[in-house]
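# Overview (structure and organization)
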Amino acid sequence: MNTSPSSEPSPVEWDGIAWWTGHDRANGNRPKYGSRVRIREGDRYAGYLGTVTWYEGQWNSTTFPVQLDGTGLTLLCSTADVVEI
């Protein structure tokens, strides 16, 4: 058994917080976590207010999580579903 330190660098874990530090918006023009939004008309939750919860914004996607105020419910939304406030 070789117990000497490896000459190979250890893999660096992805740090989502560090990624967000350099970005105001996620890929796909999605809002940053912590942003406040209102659900648009046409959805059963139209008019509800919510907060974008943490997600990995570096991925090419069109959706992001929004926790609705006072309900505990989290929806997966697109930019077409919400208005940033």
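Criteria and thresholds
Residues numbered from 1 in each chain as written. Predicted model: local features only at pLDDT ≥ 70, side-chain atom pairs only at ≥ 80, totals over all residues. Heavy atoms only, no water. Buried < 20%, exposed > 50% of the residue type's maximum accessible area, 1.4 Å probe, protein only. Helix = DSSP H or I, 4+ residues; strand = E, 2+ residues; numbered from the N terminus. Pairing = 2+ DSSP bridges. Phe/Tyr/Trp six-rings, centres within 6.5 Å; stacked < 30°, edge-to-face > 60°.

### Some details on the pairing of strand 3 (residues 36–39)
Regular strands show a simple pattern: their side chains alternate between the two faces of the sheet. Because side chains alternate across strand 3, one face comprises the buried residues V37 and I39, and the other comprises R36 and R38, none of which is buried. Here 3 bridges tie strand 3 to strand 4 (residues 49–52), and the two strands are oriented antiparallel to one another. Paired with R36 across the strands is T51, a residue of strand 4. Bridge analysis of strand 3 against strand 7 (residues 82–84) gives 3 bridges, and the strand direction is antiparallel. Bridge pairing in strand 7 places R38 opposite V83.

### What about the packing of aromatic side chains?
Evaluated as defined, the whole model comprises 5 aromatic pairs. Centroid distance W20 to Y33: 5.6 Å. Interplanar angle 75°. Geometry classified as edge-to-face. A residue pair is termed long-range when its members are at least 10 positions apart, and W20 in helix 1 (residues 16–21) and Y33 in the loop between strand 2 (30–31) and strand 3 qualify at 13 residues. W20 sits in the buried class, given a relative accessible area of 0%. With relative accessibility at 29%, the residue Y33 sits in the partly exposed group. Among the aromatic side chains, those forming a connected cluster through ring pairs are W19, W20, Y33, Y55 and F64.

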